[in-house]
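# Coordinate analysis (summary)
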Amino acid sequence: AHEDDAERAVRAGLEIAGVVGALQTRAGCKLQVRIGIATGLVVVGDLVGQGAAQEQAVVGDTPNLAARLQALAEPDSVVVAGATRRLLRDRFVLRDLGRHSVKGLAEPVEAWVAEGVSASESRFEAAHAARLTAFVGRETESALARDRQRQAWRGEGQIVLISGEAGIGKSRFSGWLAEQVADQPHTRLRYQCSPFHHDSTLYPFVQQFERVAQIAPDESPACKLDKLEAVLGLALARTQEIAPLIASLLSIPTDGRYPPLGLSPAQQRRQTLAALLDQMEGLARQKPVLMLFEDAHWADPTSLELLNLAIERVRRLPVLLLITFRPEFEAPWKGLPDVATVALGRLDRNQAEAMVERVTGGRKLPAEVMAQVLAKTDGVPLFLEELTKNLLESGLLIEDGEHYRLDAPLPPLAIPSTLQDSLMARLDRLGTVREIAQVGAAIGREFSYALLNAVIGRDEPSLKAALAQLEDAELLFRSGAAPDLRYSFKHALVQDTAYESLLKSRRQVLHQRIAVTVEERFPTSAEAEPEVLAHHFSRAGLAERACYYYARAGDRAVVRSAYAEAVAHFDAALTEASRLSPGAQRDRPELALLLKQGPAILVLRGVQDREVEPVYQRAYDIARALDDERGLFKALWGLWFCANLTRRTGTARDRADQLVALGQRSGDEALFLEAIHCRWSTAFFRGDVARVLEDGREGVRHYDAARHSRLGAEFGGHDPGVCAHVVLGLGLLQFGNTREAKDLIDRAVALGEMLENPTSLTFAYMNAMTGYQIIGDRAAVSRLMERMSEVADKFNLPPQRSIATFMRGWVNASEGDLSGGLQIMESEFARVSMMGPLPPFYAGLLASIRLEDGQVERAFEPLDAILRTIKEPGVGFFLPEIHRLRAECLLRLDPPDFDAAISEFEIAIATAKQQQARTFQLRAAIGLSQAWAAKGARDKGVAPLREIVSAFGDDAGGPLELAAARSILSDVFTA
């Protein structure tokens, strides 16, 4: 690499144009030449020919662009590309030819004619450098940060967001602040995110623990746990309680050292986050904490979630939290209390000169050299630092007291024109050491000496010498001590430059060697970070192995309830699977991945997400082609689930029937139970009470907790036994058998509490609240609501928390606090309206409380919204009640719309009769009878009421409304 290749090319072109025109030919004709110049990365292949005839095969877009520019040129002229023109700066007189569309390139390209060397080429202004300070510039930003630090040390926790482009000095700013408080008692916590680990759960926190505890990969589990406990003991008294959670996070086997956690994945995840926060708070209770969270744009979703929680807790502690990120990252914390934002811009000229002098140790550069450095770096601190170091290493400058002087005339553009050129030139000068940097770059931003040594296979003395040379050149930083020695690239761009200098074929070989080495010699790392192995196998072009490890990474994320990371890993695995040969070799892993991805997306984004159904449809098509019965069942289950939860109940019914047929054909009782589970669920959605009763009773008969409790987890939903009991109870409640309904609902809750599965438990609570509200038992609703709220908070289940809060509002309103209760219900109504079959129920509750509060017009809104979603007349849970409530609203208008109200009551009665929802039929008949009685036509409402009351006979276990209905009939007959 040469730093001035662009200028060399233009000078050569101009000379060629002049020389060719002056050549004499025997024919006496004038020769002319056209020259095109472009700049970019190319691959130089085999040398062809010998001596003057020797040619080089040059491959890449750049030669093609140069050829197209040559075709644009006038005779005896030189045309350069836009990229070349930017490298040339003002060294030549350039005339803009505008943008041109050229063959082989998608976008129009810039073109410039080089007309000669610029007269201003050697004119530079002298520079006056300010005295070097410990930290260059940033006076305003520095003052803000120090002020926030002082507030934090007083116990008023502060957060400072530091944003800026790569190389602008975010880490430098954080380091400066750390230096300012170095002599003050405090604890520093540093969390470094990684571009290779943005899907690795809590990666920066894992790395920080391992670094502080000095945990080595090859140590025994007992030794690792000793070190972990020692670190935890610095902040927490309950070490034995927290240690197993953190050990699991760090993938350290506990070998019976602690009692089993006995937690669900979601519960363990929540408690792990709480433990990490408690550790931070424990440290802060002892002395102030400086917490650095670097490169948040590469953070995994769970780390960002933990950071959100940490920000809330920091405000009450003596903690200063610095978060650095690039501009493309949308920081969600801007504008929050106690959060300050520092946007780092480029340095001005004086600041840039001061920084250059810091790199030179206070010695001033010659004016013309400084001018070129400033022109090329444009105020970016990293560019300034790297270009200056490159110049010092070039041998062109000689120390002369407090100055440098040039040993020879400064060659034009001797300073690298871009950072990549600068770093590549430095790598070239390091000779064979460059290979070490390239291998390290392929491993990652950070790598261990042990892995590098295993991959390269060199003798240790030469490898250590090469690494020392890279350290001396400040391309690498070293941390730790043997045998846990680690290296990291000073900047991501340093790594990128070394990596991009490798041919693709060489990269593939390296990545394969790295992956195989980790697999065979570092099994602990392979187990703990399968996504890293997947990355290397993917870059090696070994799609099958990459697919396998991405799938393992996804499985690990699911176990930790880190569903955002799981979806990302499964997406990556599917991309790798698509590269496999068509046929069963590709279809089988793709099917398995789709059936894992679907439930993860459902949990993460909900059934409304547009990606969910296509995932299950693709899985269904593959399973059918493979004749994979179990895969077909799971895929069809996903399609049923999507239809059911989006209230396409006709489609859901048909798919449930298909599932039942599949379950029967399979002979697998578990699949058959899950199939009728789907069918009774859809029947409940549809308001088909008869089918709910039939299938619900069959589900209760078939279910055995010991054999079937796994089905909830396997199908990404709730337990079928809990569902069978509670849905059968709700069916019986609609049918009018209140006594048996209450018994089944209570059994569902007891089963949910015994299973201790948060999804099944909250499902039981949610439906039990529905049942007891219909029964009219406000105390039972209140009790269940409190339990559900506790579980939702414990396992961080926002939808379930919203339902509990909504029902709290209803309880408050029912107990007399109409205004306060209604406010709570309205705040949660939009969220609870997304919950499966129950939006009509919640809409009815909201409408009834608004009506009770005298808000008649507003009471219509949720009822009418529900009716707009009904695609099949008379089909839908709670639909008779929606029509009955509309009738009540119509009667409360001023003036009342009596005829419309009578029509709504009659629709409610007919719908309930069709659904066999006798309780709702009874309510509508009572309302109709009372409406006619108020009009003085008591006899007109008798027939529907008498019909439904007679249907109950002498059943003592019927609904509470039955007594009121009989009283109305008695009054009519007495009159």
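What follows is about the pattern of salt bridges. Within the structure shown, the criterion is met by 58 salt bridges. We note a salt bridge from D695 to R679, for which the minimum N-O separation is 2.7 Å. In this pair, D695 sits in helix α29 (residues 689-702) while R679 sits in helix α28 (residues 669-686), placing the two residues 16 residues apart along the sequence. Taking the relative accessible area as the measure of exposure, D695 reaches 0% and is therefore buried. Within this structure, R238, E241, D278, E281, R285 and R313 form a network of salt bridges that share partners.

Below, the discussion takes up α29. An ideal rise of 1.5 Å per residue puts 20 Å on 14 residues; α29 measures up with 20 Å between its terminal C-alpha atoms. Inspection of α29 places V689, V692, L693, D695, G696, E698, G699 and V700 among the buried residues, and these make up the whole buried set. Contact partners of the buried residues in α29: α28, α32 (720-735), α33 (738-755) and α41 (898-915).

Take the packing of helix α23 (residues 563-577) against helix α24 (residues 584-605) next. The geometry of α23 relative to α24 is characterised by a closest axis approach of 9 Å and an angle of 155° between their N-to-C directions. Viewed along their axes, α23 and α24 adopt a mutual orientation that is roughly antiparallel. Considering only the axes of α23 and α24, their crossing is left-handed. Contacts from Y563, A564, V567, F570, D571, A573, L574 and A577 in α23 reach R586, E590, L593, L594, K596, Q597, A600, I601, V603, L604 and R605 in α24. Across the contact of α23 with α24, the residue classes break down as 13 nonpolar, one polar and five charged.

Among the nonpolar cores identified, the biggest contains 197 residues, and L452, M807, Y842, L922 and L945 are the most heavily contacted of them. For L922, the contacting residues outside a window of four places in its chain are L945, I948, V949, F952, P959, E961, L962 and A965.

Our next topic: the sheet that holds strand β5 (residues 92-100). Taken in spatial order, the four strands line up as β1-β4-β6-β5 in an open sheet, and their pairing is mixed. Either end of the sheet is taken by a strand with one partner, and the two such strands are β1 (34-37) and β5. Each strand axis lies, on average, 25° off the axis of its neighbour in the sheet, ignoring direction. Alignment of β1 against strand β4 (residues 77-81), held across four bridges, turns out to be parallel. Of the residues in β4, the one forming a bridge with R34 is S77. Of the strands in this sheet, β1, β4, β5 and β6 (109-117) are in contact with helix α1 (residues 5-22), which crosses β1 at around 175°.

Criteria and thresholds
Sequence order sets the numbering: in each chain, residues are counted from 1 along the sequence as written. Note on the predicted model: pLDDT of at least 70 is required for a residue's local features to be given, and 80 or more for side-chain atom pairs to be given and counted; whole-chain, interface and lining totals, by contrast, use all residues. In computing side-chain values, all of the structure's heavy atoms are included and hydrogens and water are not. The working definition used for a salt bridge is a side-chain nitrogen of Lys or Arg within 4 Å of a carboxyl oxygen of Asp or Glu. Put simply, DSSP marks the helices as runs of H or I at least four residues long and the strands as runs of E at least two long, and each gets a number from the N terminus on. For the exposure calls, accessible area comes from a 1.4 Å probe over protein chains only, and a residue counts as buried if that area is under 20% of its type's maximum, exposed if over 50%, partly exposed in between. The span expected for a helix works out to 1.5 Å for each residue beyond the first. Any two residues whose heavy atoms approach within 4.5 Å at even a single point are treated as in contact. Axis geometry follows a simple rule: fit a line to the C-alpha atoms, using only the stretch in contact for helices, then measure angles between N-to-C directions, giving values from 0 to 180 degrees. Note on angle classes: values under 35 degrees are labelled roughly parallel, values over 145 roughly antiparallel, values of 65 to 115 roughly perpendicular, and the remainder oblique. It is the rotation of the near helix from the far one that decides the hand of a crossing: anticlockwise by less than a right angle makes it left-handed, clockwise makes it right-handed. Residues are grouped as follows: nonpolar covers Ala, Val, Leu, Ile, Met, Phe, Trp, Tyr, Cys and Pro; charged covers Asp, Glu, Lys and Arg; every other residue, Gly included, is treated as polar. By nonpolar core is meant a set of buried Ala, Val, Leu, Ile, Met, Phe, Trp, Tyr and Cys residues that side-chain atoms within 4.5 Å join together. One requirement defines pairing of two strands: DSSP has to find at least two bridges between them.

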